[in-house]
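# Inside the fold
As a plain string of letters, each chain reads:
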Amino acid sequence: MKRKRKLFFKILAFVSIFVLGLLFAIFYLMFSSLVDVSNPNLPEISRITKLEFPENTRIVGSQRLSALNDSLYILLEMPREAVEELFPENKFHPSTTIRYLKNDNTRKRKWFNPDSISDFKSFNYTDSANNSGMYVLYDNSDAAIKKVYILWFSM
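Quick caveat: nothing in here was measured; it's all calculated off a predicted structure.

### Comments concerning the side chain of Thr57
Structurally, Thr57 is set in the loop between helix H2 (42–49) and strand S2 (58–66). Only 2.9 Å separates the side chain of Thr57 from the backbone oxygen of Pro54, close enough to count as a polar contact. Ignoring any residue separated from it by four or fewer positions in sequence, one finds Thr57 in contact with Leu42, Leu76, Glu77 and Met78.

This is the structure we're talking about:
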């Protein structure tokens, strides 16, 4: 009788471990497929961020992560006048001392390097009507073409 009981518990333990492993694998597959990664173009970036970029804007890098909350990493190059029109100081109140946007610690996006700009303007902005926000950092030098780093996110 003791042998049958031991054998029963061994089989029960094996089946339990197998079922738990199977459940773990199923949950992993379900939740790992929730994140969708894409590289949007300029019209799509405009639609998502609600910003109107001029035609002479060049995308250096873009990556959108769609999950429960969306995020969009963008590096743009655009003329100085376009940056001033896109981010008027009276609306966004950029700072030259507070760096609202820093390097991405994961380094999956090697092109996303806001710390490379030493003379900068930076701000954060929340759009409660669209449940979104963004961190922006751009070149404050006299260069004709400026780099603009944007991290847009949904809330």
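Past the structure itself, the notes keep going.
### Considerations on the nonpolar core
Within the largest apolar cluster, 21 residues are counted, with the highest numbers of intra-cluster contacts made by Phe53, Phe87, Val148 and Ile150. Secondary structure elements with two or more residues in this core: H2, strand S3 (71–79), helix H3 (80–86), strand S5 (132–139) and strand S6 (145–154). Counting residues per element, this core draws most heavily on S3, at four residues. Core analysis: the second largest hydrophobic core is formed by nine residues, Leu75, Phe112, Phe120 and Leu137 among them.

### Details of the sheet that holds strand S1 (residues 36–38)
Spatially, S1-S2-S3-S6-S5-S4 is the arrangement adopted by the six strands of the open sheet, whose pairing is antiparallel. With partners counted over all chains shown, the strands left at the sheet margins are S1 and strand S4 (120–127), one partner each. Strand-to-strand, the axes of this sheet are offset by a mean angle of 15°, without reference to chain direction. Sheet topology note: the S5/S6 ladder contains seven bridges and is antiparallel. Bridging from a neighbouring strand, Gly133 pairs with Phe153 of S6.

### Considerations on the pairing of S5
Among the eight residues in S5, seven count as buried, and that is most of the element. Examined bridge by bridge, S4 and S5 share eight bridges and lie antiparallel to one another. The residue of S5 that forms the bridge with Phe120 is Asp139. In textbook terms, the turn of a hairpin is the stretch between consecutive antiparallel strands, and for S4 and S5 this stretch comprises four residues, one of which, Asn131, has a positive phi near 50°. From the end of S5 to the start of S6, which pair antiparallel, there are five residues.

### Describing the side chain of Lys146
One can find Lys146 in strand S6. No salt bridge is formed by the buried Lys146; its nearest oppositely charged neighbour, Glu84, is found at 4.9 Å. Among the polar contacts made by the side chain of Lys146, one reaches the main-chain carbonyl oxygen of Asp139 at a distance of 3.2 Å. In terms of polar contacts, Lys146 uses its side chain to reach the backbone carbonyl oxygen of Ser141, at 3.3 Å.

### Remarks on the packing of aromatic side chains
In the structure shown here, the tally under the stated rule is nine aromatic pairs. With a centroid separation of 5.6 Å and 80° between ring planes, the pair formed by Phe87 and Phe92 is classed as edge-to-face. The same class applies to Phe87 and to Phe92, which are both buried. On the basis of an interplanar angle of 65° and a centroid distance of 5.3 Å, the ring pair of Phe87 and Phe123 is categorised as edge-to-face. Here Phe87 is found in the loop between H3 and helix H4 (89–92), whereas its partner Phe123 is found in strand S4, with 36 residues between them in sequence. In this pair, the class of Phe87 matches that of Phe123, namely buried. An aromatic cluster is defined as three or more aromatic residues linked by ring pairs; in this entry it consists of Phe87, Phe92, Phe123, Tyr125 and Tyr138. Cation over ring: Arg99 sits above Phe120, and NZ or CZ is 4.4 Å from the ring centre.

Cut-offs and rules
- Residues numbered from 1 in each chain as written.
- Predicted model: local features only at pLDDT ≥ 70, side-chain atom pairs only at ≥ 80, totals over all residues.
- Heavy atoms only, no water.
- Helix = DSSP H or I, 4+ residues; strand = E, 2+ residues; numbered from the N terminus.
- Polar contact = N/O pair within 3.5 Å; in protein donor to acceptor, adjacent residues only side chain to side chain.
- Contact = heavy atoms within 4.5 Å.
- Core = buried A, V, L, I, M, F, W, Y, C linked by side-chain atoms within 4.5 Å.
- Buried < 20%, exposed > 50% of the residue type's maximum accessible area, 1.4 Å probe, protein only.
- Pairing = 2+ DSSP bridges.
- Axes fitted to C-alpha atoms, helices over the stretch in contact; angles between N-to-C directions.
- Lys, Arg positive; Asp, Glu negative; His and termini not counted.
- Salt bridge = Lys/Arg side-chain N within 4 Å of Asp/Glu carboxyl O.
- Phe/Tyr/Trp six-rings, centres within 6.5 Å; stacked < 30°, edge-to-face > 60°.
- Lys NZ or Arg CZ within 6 Å of the ring centre and 35° of its normal.

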